[in-house]
Amino acid sequence: MALATERRTKGQVKVFSRTVEPGPVGVIQRITALARRRPVEIAGVLARRVLRRGDPFRLLPFPQAVHIEITNHCNLKCLMCPHGTMEREKGFMDESLFRSIIDELAEHKLLLENVALMGLGEPLLHKDFERFAKIAADSGIPNLYASTNATLLSEERSRRIIEDGSLNRLIISLDGASKETFEKIRVGANFDLIKENVMRFLDLKRKLGKKRPQATLQILSMPETENEVDEFCRIWLPHLCPEDEILIKEVDTFGGLVDDRRPNTEVEPEKRYACRQLWKDFSISWDGRATVCCKDVFYKLSVGRVGDSSLSALWTSKKWESIRRIHEQGQWGRLKPCNDCREWYV
């Protein structure tokens, strides 16, 4: 397969930012992906295209991607994560705030591409994770997903997540094919326990005959994992259900908050331009703060609080518009974390 060197999407193995190949193969992949979507999601794709009229920087009436940080607590200390230097208070989102967010998202669900129940923390640490997911799903929120380190993916929780079917996708972060590499990167995790949890989750999903959630087993590409990507694929591919996948993703710097551990930067454009996240993304912290990008995990560019203002009002606020104008003028160096960001082109 030679994925470690070729880095090409093939079958159930996807490469972040290149999940679809060019040419006729890419067309088939797009049609296949669209066929898996529900009618409301297909309608949303068409609605966003019509409203944008070919201009990626045309502001839609509502964001298309929303991250809801139900907690910023975490039980690991990963090498590539800025969580250990976070200064903001830690906590868990309460149900009243969560319901108010979901109620407004439901009013604009046609414009939503996806909604993530996660932020700078491990979402399964929230005791109401499964119930929150069901609240969102019952409100018709499209393409609901979350990411987990699988430390808490017990048989009981796995069964509930699978049987509820609330999540469209569950990303499971597994950085390394060997115990030594994995535990060096994901400090505090037990490789054997995590492997057992994930194997059981995939096995339960197969036994229960469920297609949701799609399981995405993710490995970050960085010096420590580069030589284990092929072995990672060899180990996990036989255990995937037909709709599941492996995702090889370039490691983040979280807007320059951590050292750049990417093996190479060949995909980065030579000339920088305004970050499209400002016209797409909306992130909400556990205590209701809103920021303009999911990479701003310290909320340095907070534009207000949900509750004091609606999501729609924050999305079109003067403060957010001023940040967009600064980017359009090429003056992103005036903003933190935009000045040191390495993910602006994604």
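Residues numbered from 1 in each chain as written. Predicted model: local features only at pLDDT ≥ 70, side-chain atom pairs only at ≥ 80, totals over all residues. Heavy atoms only, no water.

1. Considering the pattern of salt bridges
Throughout the structure, instances matching the rule amount to 29 salt bridges. Two residues, Lys207 and Asp203, come together in a salt bridge whose shortest N-O distance is 3.1 Å. One end of the pair is Lys207 and the other is Asp203, both in helix H8 (residues 191–208) and four residues apart, which spans about a single turn. With its nearest N and O atoms 3.8 Å apart, the salt bridge here joins Arg305 to Asp287. Residue Arg305 is located in strand E12 (residues 304–305), and its partner Asp287 is located in the loop between strand E10 (281–284) and strand E11 (289–291); the two are separated by 18 residues in the primary sequence. Classification of Arg305 as partly exposed rests on a relative accessible area of 34%. Several salt bridges share partner residues, and in doing so they unite Glu95, Arg99, Lys127, Asp128 and Arg131 into one network. (Salt bridge = Lys/Arg side-chain N within 4 Å of Asp/Glu carboxyl O. Helix = DSSP H or I, 4+ residues; strand = E, 2+ residues; numbered from the N terminus. Buried < 20%, exposed > 50% of the residue type's maximum accessible area, 1.4 Å probe, protein only.)

2. Thoughts on the sheet that holds strand E4 (residues 114–116)
Taken in spatial order, the ten strands of this open sheet run E1-E9-E8-E6-E5-E4-E2-E10-E11-E12, and their pairing is mixed. Because the sheet does not close on itself, it has two edges, and the strands there are strand E1 (13–15) and E12. Sheet strands in contact with H8 are strand E6 (169–173) and strand E8 (214–221), and its direction is about 150 degrees off that of E8. Contacts between helix H9 (residues 229–236) and the sheet are confined to E1, E8 and strand E9 (245–250), with E8 contributing the most and set at about 160 degrees to the helix. (Pairing = 2+ DSSP bridges. Contact = heavy atoms within 4.5 Å. Axes fitted to C-alpha atoms, helices over the stretch in contact; angles between N-to-C directions.)

3. Some thoughts on unusual backbone geometry
Cis geometry is adopted by the peptide bond preceding Pro213, which originates at Arg212 and carries an omega value of -5 degrees. Tracing the chain through its elements places Pro213 in the loop between H8 and E8. At Ala150, a position not held by glycine, the phi torsion is positive, near 70 degrees. Tracing the backbone through its elements, the reader meets Ala150 in the loop between strand E5 (144–148) and helix H6 (155–164). For Tyr299, which is not a glycine, the phi torsion comes out positive at approximately 60 degrees. Along the chain, the position of Tyr299 falls in the loop between E11 and E12.

4. Side note on the packing of aromatic side chains
On inspection of all chains with the given rule, the structure shows seven aromatic pairs. With a centroid separation of 4.8 Å and 85 degrees between ring planes, the pair formed by Tyr273 and Trp344 is classed as edge-to-face. Of this pair, Tyr273 sits in the loop between E9 and E10 while Trp344 is found in the segment after helix H11 (318–328), placing the two residues 71 residues apart along the sequence. When its relative accessible area of 37% is taken as the criterion, Tyr273 is described as partly exposed. For the pair Phe282 and Trp320, a centre-to-centre distance of 5.3 Å together with 45 degrees between the ring planes defines the contact as tilted. Remark: Trp320 occurs in helix H11 and Phe282 occurs in strand E10; sequence separation between them is 38 residues. In this structure, Arg169 packs its charged tip against the face of Tyr145, placed 5.1 Å from the ring centre. (Phe/Tyr/Trp six-rings, centres within 6.5 Å; stacked < 30°, edge-to-face > 60°. Lys NZ or Arg CZ within 6 Å of the ring centre and 35° of its normal.)

5. Some remarks on H8
Relative to the 26 Å expected for 18 residues at 1.5 Å per residue, H8 spans 26 Å between its end C-alpha atoms, a close match to the ideal helical length. The elements touched by buried residues of H8 are H6, E6, helix H7 (179–185), E8 and H9. The opening residue of H8, the one whose side-chain oxygen lies 3.0 Å from the backbone nitrogen of Asp192, is Asn190. One or two residues past the end of H8 sits Gly209, with phi positive at roughly 70 degrees. (Expected span 1.5 Å × (residues − 1). Polar contact = N/O pair within 3.5 Å; in protein donor to acceptor, adjacent residues only side chain to side chain.)

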